[in-house]
Amino acid sequence: MSDQMTDHGDLRSILTDSVEGLLADLVTKEVLVAAENGTWPADLWQKIEDQGLTLPLVSEAGGGVAASWHDVFPVIRAAGRHAAPVPLAETIVAAYLLDRAGLKVPEGPLTIAVPRQGEALQLSRNGTKWQVNGVASRVPWGIRCRHV
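Residues numbered from 1 in each chain as written. Predicted model: local features only at pLDDT ≥ 70, side-chain atom pairs only at ≥ 80, totals over all residues. Heavy atoms only, no water.

Notes on the overall build of the chain
Part 1: When helices and strands are tallied, the chain shows 5 helices and 2 strands.
Part 2: Tracing the chain from N to C terminus, the helices and strands come up as α-α-α-α-α-β-β.
Part 3: Its C-alpha atoms put the chain at 45 × 45 × 25 Å along the principal axes.
Part 4: In the chain, which comprises 148 residues, the share counted as buried stands at 28%.
Part 5: Residue pairs in contact within the chain that sit at least 24 positions apart in sequence constitute 58% of those at least 6 positions apart.
Part 6: Here the chain displays about 9400 Å² of accessible surface, and carbon together with sulfur accounts for 54% of that area.
Part 7: One way to put it: in the chain the 13 positive side-chain charges average out to a point 10 Å from where the 17 negative ones average out. (Helix = DSSP H or I, 4+ residues; strand = E, 2+ residues; numbered from the N terminus. Buried < 20%, exposed > 50% of the residue type's maximum accessible area, 1.4 Å probe, protein only. Contact = heavy atoms within 4.5 Å. Areas by Shrake-Rupley, 256 points an atom, 1.4 Å probe, with all protein chains shown as cover. Lys, Arg positive; Asp, Glu negative; His and termini not counted. Charge placed at Lys NZ, Arg CZ, Asp CG, Glu CD.)

Set out below in structure tokens:
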């Protein structure tokens, strides 16, 4: 087995162990009930970010570990298995896309907006910044994410 395969296997194992331990400890019945009632699990999210679990696909230059999609699958699967009431999968994908576009990944939960039929988003420059205008309904975690 090559060193690269070993490194990726080790990374996958580290990511899996990190997320499983964290979610087993912090996704409690109380957290799930509170989330169902509209309370954001700030402590859970902060610990997820602190362990770098939102940036595994981001380049090392961007603050991540440049993992592969294969390495990250167990993280997303664990979030689903534990019914983690946070947009972990959405944040991982959005962070990857921002990093690939050469943009800085902001802190906090992220989401992705995909316009439905009849909706449109338009990208334009506003001075030195880019701005998105338009309508996208049914944005996952849209109420909790400041960045799309």
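Some details on the nonpolar core
Part 1: Core analysis: the largest hydrophobic core is formed by 21 residues, its most contacted members being Val19, Leu23, Leu44, Ile48, Val86 and Leu88.
Part 2: Broken down by secondary-structure element, the contributors of at least two residues to this core are helix 1 (3-26), helix 3 (42-50), helix 4 (69-81) and helix 5 (88-100).
Part 3: If you tally residues by element for this core, the top one is helix 1, at 6 residues.
Part 4: Residues within four places of Leu44 in sequence aside, it is in contact with Leu23, Leu26, Val27, Pro85 and Val86.
Part 5: Counting 5 residues, the second largest nonpolar core, distinct from the first, contains Val58, Ala95, Val105 and Leu110. (Core = buried A, V, L, I, M, F, W, Y, C linked by side-chain atoms within 4.5 Å.)

Concerning helix 3
Part 1: Residues of helix 3 that are buried: Leu44, Trp45, Ile48 and Glu49. Mapping the buried residues of helix 3 onto a view down its axis gives an arc of 130 degrees, with all of them on the same face.
Part 2: The positive-phi residue at the C-terminal boundary of helix 3 is Gly52, with phi of around 75 degrees. (Arc of directions from axis to C-beta.)

Details of the environment of Thr54
Part 1: Position of Thr54 among the secondary structure elements: in the loop between helix 3 and helix 4.
Part 2: According to the relative accessible area criterion, Thr54 is buried, its value standing at 6%.
Part 3: Taking C-alpha positions, Thr54 is 8.4 Å from Pro109, a pair spaced 55 residues apart along the chain.
Part 4: With sequence-adjacent residues up to four places away left out, Thr54 is seen in contact with Trp45, Ile48, Glu49, Leu88, Thr91, Ile92 and Ala95.

A word on the side chain of Thr91
Part 1: Inspection of the secondary structure assignment puts Thr91 in helix 5.
Part 2: A distance of 2.9 Å separates the side chain of Thr91 from the backbone nitrogen of Leu110, its partner in a polar contact.
Part 3: When sequence neighbours within four positions are dropped, the list of residues in contact with Thr91 reads Trp45, Thr54, Gly108, Pro109 and Leu110. (Polar contact = N/O pair within 3.5 Å; in protein donor to acceptor, adjacent residues only side chain to side chain.)

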